[in-house]
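So you can see what is in the structure, the chains are spelled out below.
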Number of protein chains: 2
Amino acid sequence: MRLGRDTREEILNAAEELLQRRGYNAFSYQHIAVQLGIRNAAIHYHFPGKEDLGVALVKRYRQRFRDWTDEVARLSNAWDRLNAHFQTYVEYAVAGSKICPGGVLSSEFEAIPEVMRHEARLLMREIFEWLIETLDAGRAQGSLNFIGDSRHKAVEIGAALQGSLQIARMAGEERFHQVLQQLALELRHSSADSLP
Amino acid sequence: MRLGRDTREEILNAAEELLQRRGYNAFSYQHIAVQLGIRNAAIHYHFPGKEDLGVALVKRYRQRFRDWTDEVARLSNAWDRLNAHFQTYVEYAVAGSKICPGGVLSSEFEAIPEVMRHEARLLMREIFEWLIETLDAGRAQGSLNFIGDSRHKAVEIGAALQGSLQIARMAGEERFHQVLQQLALELRHSSADSLP
DNA sequence: GTCTATATCCGGATAGAC
DNA sequence: GTCTATCCGGATATAGAC
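Please read all numbers here as calculations on a predicted model, not as lab measurements.

Thresholds, definitions, all that
Residues numbered from 1 in each chain as written. Chains lettered and ligands numbered in written order. Predicted model: local features only at pLDDT ≥ 70, side-chain atom pairs only at ≥ 80, totals over all residues. Heavy atoms only, no water. Core = buried A, V, L, I, M, F, W, Y, C linked by side-chain atoms within 4.5 Å. Buried < 20%, exposed > 50% of the residue type's maximum accessible area, 1.4 Å probe, protein only. Contact = heavy atoms within 4.5 Å. Helix = DSSP H or I, 4+ residues; strand = E, 2+ residues; numbered from the N terminus. Buried area = accessible area lost by both parts, 1.4 Å probe. Salt bridge = Lys/Arg side-chain N within 4 Å of Asp/Glu carboxyl O. Polar contact = N/O pair within 3.5 Å; in protein donor to acceptor, adjacent residues only side chain to side chain. Nonpolar A, V, L, I, M, F, W, Y, C, P; charged D, E, K, R; others polar. Least-squares fit on C-alpha atoms with pLDDT ≥ 70 in both. Near = heavy atom within 4 Å. UniProt positions renumbered as here; feature names shortened; annotations may be inferred. Axes fitted to C-alpha atoms, helices over the stretch in contact; angles between N-to-C directions. Parallel < 35°, antiparallel > 145°, perpendicular 65-115°, else oblique.

1. Focus: the nonpolar core
Phase 1 of the analysis: Core analysis: the biggest nonpolar cluster contains 127 residues, and A:Ile32, A:Leu53, A:Leu82, A:Phe86, B:Ile32, B:Leu53 and B:Leu82 have the highest contact counts within it.
Phase 2 of the analysis: Excluding residues within four positions of it along the chain, A:Phe86 makes contact with A:Trp79, A:Ile157, A:Leu161, A:Leu180, A:Leu183 and A:Leu187.

Structure below.
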């Protein structure tokens, strides 16, 4: 209605918020419609089916991540890049009971349309490839310390981030920050200085 | 119908399976009814409302965990106890795209009845209390090595387990085993023997 | 591009017979 | 304790006016 108002974008923004708060199957076109002050049918004009909306959301996450990696590529220190990645999750955490896209999509994996599953797999893969690269770079330059296979460490970190955001919902936001602190402690700890 | 058939138990078993595969909001009384070859209404006889069923499920998880901790308390080695805990998750993983109760409940936390949330919080707390105790015992006896606060490490481990089960769904079961391997490697690694 | 109105379906739930 | 029948509400979705 108003000049410059991009309804499609606003729908995506509202849907993204709802997705990370309630999950895919627990949000409806009604929720979005009420929030934007429009009608149900208006959303169907932009996204004929709910799965179209779902796919658009995941594609947007993927694009955003690509743009983001391009940006942080400037940072020469791998720990700084990894820390910047952590910040994404911090933003979810402080927003209050928001979980990460991967967390939503994997939890509901068996209950989302196949097209969405496909996009979700791609998103996952892209994130982990970046994580592995970053860990390898960090180990090579000495800004990150860890033992074992970087691919294993990457999944461990990704899983811990995803899991701790969810746990924070039930057990308090501190839980998330404690995990973040622990991850950092272990990655920055040179194995020379030992146990307490 | 048949002698000794306990419908209530069978409903719980089917529901538990569905919960960990599809999530709370994505399974219906229909799913259960079809699976057990009974009618919708029969389930309502045992569990008047869906939330009654949900609460019963979480209470059962809690009871099972209490029984389990009593059992493994025999093991004098903390690493053995922790490893036994890991086995619970391995069973979920090899069952194929099953995630852990905490993972389901925390992902859908904003979309489940308040009574379930309450039970879920208790379950979480009990698991983490046990994890912390176990880590402390392991550190004291030297069977577990880690740096930092045991409460932080406990959440890190719990989050990694929960997250990796979910990630395994999208990226393959190996991911879960890689995390398990990495966790073990780090916990059993004496900081004397250093990087490769 | 957004509306009203409506269609369809499904999940949760109840009443009452057996 | 399980059935049949039925109700209700919510969610996805479409048709057609504006």
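Picking up where we left off.
2. Remarks on the side chain of A:Ser106
Phase 1 of the analysis: Within the element layout of this structure, A:Ser106 appears in helix α6 (residues 101-107).
Phase 2 of the analysis: Setting aside residues up to four positions removed in sequence, A:Ser106 forms contacts with A:Gln162, B:Gln166, B:Ile167, B:Arg169 and B:Met170.

3. Concerning the environment of B:Ala93
All names here are of chain B.
Phase 1 of the analysis: Note that Ala93 resides in helix α5 (residues 78-94).
Phase 2 of the analysis: The exposure class assigned to Ala93 is buried, which follows from its relative accessible area of 7%.
Phase 3 of the analysis: When sequence neighbours within four positions are dropped, the list of residues in contact with Ala93 reads Leu165, Glu173 and Phe176.

4. Considering the environment of A:Met170
Phase 1 of the analysis: Here A:Met170 shows up in helix α8 (residues 150-171).
Phase 2 of the analysis: Exposure remark for A:Met170: the relative accessible area of 7% places this residue in the buried category.
Phase 3 of the analysis: Those residues in contact with A:Met170 that lie beyond four places of it in its chain are B:Gly102, B:Ser106, B:Phe109, B:Ala120, B:Arg121 and B:Met124.

5. Things to note about the interface of chain A and chain B
Phase 1 of the analysis: Facing 49 residues of chain A, the contacting portion of chain B comprises 49 residues.
Phase 2 of the analysis: Surface buried jointly by chain A and chain B totals about 4500 Å² across both partners, of which 65% is contributed by carbon and sulfur atoms.
Phase 3 of the analysis: Along the contact surface separating chain A from chain B lie two salt bridges.
Phase 4 of the analysis: Summed over the shared surface of chain A and chain B, the result is 14 residue pairs in polar contact (both at pLDDT 80 or more).
Phase 5 of the analysis: Among the elements of the structure, α1 (7-22), α6, α7 (114-141), α8 and α9 (173-188) of chain A are those that each provide at least two residues to the side of chain A that touches chain B.
Phase 6 of the analysis: Within the side of chain A that touches chain B, the residues separate by chemical class into 18 nonpolar, 19 polar and 12 charged.

6. With respect to the relation of the copies chain A and chain B
Phase 1 of the analysis: When chain A is fitted onto chain B, the two copies agree to an RMSD of 0.0 Å after a turn of 180° and an axial shift of 0.0 Å. On this basis, the relationship between the two copies can be described by a two-fold rotation axis.
Phase 2 of the analysis: An overlap of 100% is found between the interface residues of chain A and their copies at the interface of chain B, pointing to a shared contact surface.

7. Focus on the protein's contact with DNA strand C
Phase 1 of the analysis: Surrounding DNA strand C, one finds 14 residues, the nearest of these being A:Thr7, A:Arg39, A:Tyr45, A:His46 and B:Lys50.
Phase 2 of the analysis: If you look at DNA strand C and keep only atoms within 4 Å of the protein, 67% of those are sugar or phosphate atoms.
Phase 3 of the analysis: Between A:Arg39 and DNA strand C, the recorded distance is 2.7 Å, taken from a backbone N or O atom to a phosphate oxygen.
Phase 4 of the analysis: One of the side-chain N or O atoms of A:Tyr45 is found 2.9 Å from a phosphate oxygen in DNA strand C.
Phase 5 of the analysis: At the level of secondary structure, the elements contributing two or more residues to the surface near DNA strand C comprise α3 (40-46) of chain A together with α3 (40-46) of chain B.
Phase 6 of the analysis: With four residues, α3(A) is the single largest residue contributor to the surface near DNA strand C.

8. Things to note about the UniProt feature "DNA-binding region" (unreviewed entry) in chain A
Phase 1 of the analysis: The positions that UniProt labels "DNA-binding region" (unreviewed entry) are, in the present scheme, residues 28-47 of chain A.
Phase 2 of the analysis: Within the segment residues 28-47 of chain A, helix and strand shares are 75% and 0% respectively, and the terminal C-alpha atoms sit 13 Å apart.

9. Thoughts on the protein's contact with DNA strand D
Phase 1 of the analysis: Near DNA strand D there are 15 residues, and of these A:Lys50, B:Thr7, B:Arg39, B:Tyr45 and B:His46 occur at the shortest range.
Phase 2 of the analysis: When atoms of DNA strand D within 4 Å of the protein are sorted by moiety, sugar and phosphate together comprise 59%.
Phase 3 of the analysis: At 3.1 Å from a phosphate oxygen of DNA strand D is found a main-chain nitrogen or oxygen belonging to A:Tyr29.
Phase 4 of the analysis: Elements represented by at least two residues in the surface near DNA strand D include exactly α3 of chain A together with α3 of chain B.
Phase 5 of the analysis: Per-element accounting of the surface near DNA strand D gives the leading share, four residues, to α3(B).

10. Here we look at the packing of helix α1 (residues 7-22) of chain B against helix α4 (residues 50-72) of chain B
Residue and element names in this part refer to chain B.
Phase 1 of the analysis: At a minimum axis separation of 10 Å, α1 and α4 run at an interaxial angle of 90°. Our classification of the angle between α1 and α4 gives roughly perpendicular. Where α1 abuts α4, its residues Arg8, Glu9, Ile11, Leu12, Asn13, Ala15, Glu16, Leu19 and Gln20 lie against Leu53, Ala56, Leu57, Arg60, Tyr61 and Arg64.
Phase 2 of the analysis: Here the contact of α1 with α4 is composed, by residue class, of eight nonpolar, two polar and five charged.

11. Observations regarding the pattern of salt bridges
Phase 1 of the analysis: Going through the model one piece at a time under the given rule, you end up with 30 salt bridges over all chains.
Phase 2 of the analysis: Across the pair A:Glu174 and A:Arg175 runs a salt bridge whose closest N-O atoms are separated by 3.5 Å.
Phase 3 of the analysis: On the basis of relative accessibility, which here comes to 23%, the residue A:Arg175 falls in the partly exposed class.
Phase 4 of the analysis: The salt bridge partner of B:Arg62 is B:Glu126, with a shortest N-O separation of 2.6 Å. Pair noted here: B:Arg62 is in helix α4 and B:Glu126 is in helix α7 (residues 114-141), with a separation of 64 residues, a long-range link.
Phase 5 of the analysis: Using a relative accessible area of 12% as the deciding quantity, one classes B:Arg62 as buried.
Phase 6 of the analysis: A single network of salt bridges, built from pairs that share partners, joins A:Lys59, A:Arg62, A:Arg66, A:Glu119 and A:Glu126.

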